[in-house]
Amino acid sequence: MAVVTIKDVQTIMTQPGGSRLVVVKIITSEPGLYGLGCATFTQRIHAVHSAIEKHLKPFLIGKDVSRIEEIWQMSMVHSYWRNGPVLSNAVSGVDQALWDIKGKQAGMPLYQLLGGKCREAAAVYGHAGGSSPEQVADSVRRFMDEGYRYIRIQMGGYGGEASKLVKPDGTPEGAYFDPREYVRHALKMIEHVRSHVGDEVELLHDIHERLVPIEAVQFAKDVEPFKLFFLEDALAPEDLEWFHHIRQQCCTPIAMGELFNNPREWQPLIEGKLIDFIRMHVSQMGGITPARNVAAFANMYGVRTAWHGPGDTSPVGHAANLHLDLWAPNFGIQEWCRFSELIYEVFPGTPEVRNGYMYPNDQPGLGIDINEELAAKYPCQDIVEQWTQTRLPDGSPTRP
Ligand code: MG
């Protein structure tokens, strides 16, 4: 069999919805054979674009497309300085595209190459919200009416909406929140929703690392009676040793990892059985190759998967999540953001969700394509991100 090589690496940037998306397209030496991968780091798209075009592309041209593992390993050390979010996302775009190509060559959906299905579809959770506990409960009921059995509940965005901020004179603009008010309001909201929607639906909540560690420990204890399916990002990646304290205090299931991109971040949490769900953003960790390894590693410790699936994961990335979900013996749950009709037109083959389950389309590879002509009609808008300019009541910058 003739060796198929990488002929070109293209970076497609498009914004058909709210998020700026970055997709890598690898063109091969075999006419008509190409692959797609998600490289979306929405806040720094130009840095990823440049990493792909100026650094990875010259390194990749002419390489044998079949050698995914070797290309991944070499890509992660080729720059000598190790991985960070920009490089990991760029490498992910390449890695996912190579898996897509391998599936197309084999005539099989990607989950077959990983080891075949453990399930026919992946259970998903949706995002319910509102600005009062009553509104959140109504939002949960609407999801339940659509067949969702797992629903994340948030009130007023991450960290909540502060009702009475007292700021010092001369305080700059920003995305303000009050951690103490957030804790009080979020607990009341979770209690209200649980008591009004019953015990049969699984509820999730995301702290989004908005608390100092000891507040997070207290919060995890306080929500224990409401039996969350999981509590997400209770702590920041900088405070990982505090997970021991949460475990000592309560049995609220803990999900962590969307910001991780280095094995040193997830290894101790999994080995120590300090978390229940790994929640990595698959492109942020470098693609399908490392995600497959982490899932298998976590499986040995009874930790389940819950790959990050927000609107700033491209539909190509959601397709990659789905194939991992269908295969992983330790699949837990899949986050889902409900794309618009336009997104389905720009990305034909975007996974479909029915009755709370995400289904594959059984096309070879990732089973997704991009309508480049349509994507070009929605160029990325350059903005200075506002929601990540997070501030505490006195104006101090804090984590978003
Ligand atoms: Mg999150």
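None of the values given here were measured: they were computed from a predicted structure.

> Explanation requested: the sheet that holds strand 3 (residues 34-38) in the structure shown.
Hydrogen bonds along the backbone pair up the strands of a sheet, which may run parallel or antiparallel. Taken in spatial order, the three strands of this open sheet run 1-2-3, and their pairing is antiparallel. Taken across any chain shown, the strands that pair with only one partner, and hence form the sheet edges, are strand 1 (6-14) and strand 3. On average, each strand axis in the sheet is inclined to that of its neighbour by 20 degrees, with strand direction left out of account. Note: strand 1 against strand 2 (residues 21-28), eight bridges, orientation antiparallel. When the bridges of strand 2 are listed, Ile 12 appears paired with Val 23. Contacts from helix 3 (residues 85-106) reach strand 1, strand 2 and strand 3, with the element oriented near 140 degrees to strand 3. Contacts between helix 11 (residues 315-327) and the sheet are confined to strand 2 and strand 3, with strand 3 contributing the most and set at about 90 degrees to the helix.

> Please explain the pattern of salt bridges as it appears in this structure.
For side chains bearing opposite charge, pairing can occur when the charged atoms are close. With the rule as written, the count across this model stands at 19 salt bridges. Across the pair Asp 206 and Arg 152 runs a salt bridge whose closest N-O atoms are separated by 3.5 Å. With Asp 206 in strand 7 (residues 202-206) and Arg 152 in strand 5 (residues 150-155), this residue pair connects regions lying 54 residues apart in the sequence. The closest approach of N and O atoms between Arg 279 and Glu 258, which form a salt bridge, is 3.6 Å. Of this pair, Arg 279 sits in the loop between strand 10 (277-278) and helix 10 (288-299) while Glu 258 sits in the loop between strand 9 (254-256) and helix 9 (263-271); the two residues are 21 residues apart in sequence, bridging distant segments of the chain. Residues joined by salt bridges that share partners form a network here, namely Glu 232, Glu 258, Arg 279 and Glu 335.

> Looking at this structure, I do not really get the environment of Ala 319. What am I missing?
With respect to the helices, strands and loops of the structure, Ala 319 is situated in helix 11. Beyond its immediate chain neighbours, meaning those up to four positions away, Ala 319 contacts Pro 351, Leu 366 and Ile 368.

> How should the packing of helix 5 (residues 133-145) against helix 6 (residues 179-197) be read in this particular structure?
Packed helices, taken two at a time, are described by the angle between their axes plus the distance between the axes. Between helix 5 and helix 6, the shortest axis-to-axis distance is 9 Å and the interhelical angle comes to 45 degrees. Between helix 5 and helix 6, the interaxial angle falls into the category oblique. The handedness of the crossing between helix 5 and helix 6 comes out as right-handed. Across the interface between the two elements, Pro 133, Glu 134, Val 136, Ala 137, Val 140, Arg 141 and Met 144 of helix 5 pack against Met 189, His 192, Val 193, His 196 and Val 197 of helix 6. Considered class by class, the residues forming the contact of helix 5 with helix 6 number eight nonpolar, two polar and two charged.

> Please explain the coordination of the magnesium ion as it appears in this structure.
Tetrahedral coordination by four donors puts the ideal angle at the metal at 109.5 degrees, and octahedral coordination by six puts it at 90 or 180 degrees. All of the protein donors around the magnesium ion are Asp 206 (OD), Glu 232 (OE) and Glu 258 (OE); their distances to the metal are 1.9 to 2.4 Å. Each donor residue of the magnesium ion lies on one chain, and together they are spaced D-x25-E-x25-E. Of the two residues, Glu 232 sits in strand 8 (residues 230-232) while Glu 258 sits in the loop between strand 9 and helix 9, which places them 26 residues apart along the sequence. Just as Glu 232 is buried, Glu 258 falls in that class too.

> Help me understand the packing of helix 3 against helix 10 in this model?
Relative orientation of the contacting elements helix 3 and helix 10 amounts to 85 degrees, with a least axis distance of 8 Å. Regarding the angle of helix 3 to helix 10, the classification is roughly perpendicular. Residues Asp 95, Gln 96 and Trp 99 of helix 3 touch helix 10, and the partners they reach there are Ile 288, Thr 289 and Arg 292. In the contact of helix 3 with helix 10, the residues fall into two nonpolar, two polar and two charged.

> Which parts of the structure should I look at to understand the domain arrangement of the protein?
Reports often express the size of an interface as the amount of accessible area lost when the parts come together. Each domain of the protein was delimited in the assignment, giving domain 1 (6-109) and domain 2 (113-365). On a C-alpha basis, the centroid separation for the pair domain 1 and domain 2 is 26 Å. On the domain 2 side, the residues contacting the 34 residues of domain 1 number 31 residues. The junction of domain 1 with domain 2 conceals about 2,500 Å² of combined surface from both sides, 62% of it contributed by carbon and sulfur atoms. Of all residues in domain 1, Pro 16, Trp 99 and Pro 109 bury the most surface against domain 2, accounting for 25% of the area lost on that side. For the pair domain 1 and domain 2, the interface holds one salt bridge.

Reading guide: rules and limits
Residues numbered from 1 in each chain as written. Predicted model: local features only at pLDDT ≥ 70, side-chain atom pairs only at ≥ 80, totals over all residues. Heavy atoms only, no water. Pairing = 2+ DSSP bridges. Helix = DSSP H or I, 4+ residues; strand = E, 2+ residues; numbered from the N terminus. Axes fitted to C-alpha atoms, helices over the stretch in contact; angles between N-to-C directions. Contact = heavy atoms within 4.5 Å. Salt bridge = Lys/Arg side-chain N within 4 Å of Asp/Glu carboxyl O. Parallel < 35°, antiparallel > 145°, perpendicular 65-115°, else oblique. Left-handed = near helix turned anticlockwise from the far one by under 90°. Nonpolar A, V, L, I, M, F, W, Y, C, P; charged D, E, K, R; others polar. Donors = N, O, S within 2.8 Å, 3.2 Å for Na, K, Ca; no water. Buried < 20%, exposed > 50% of the residue type's maximum accessible area, 1.4 Å probe, protein only. Domains from an automatic or database assignment. Buried area = accessible area lost by both parts, 1.4 Å probe.

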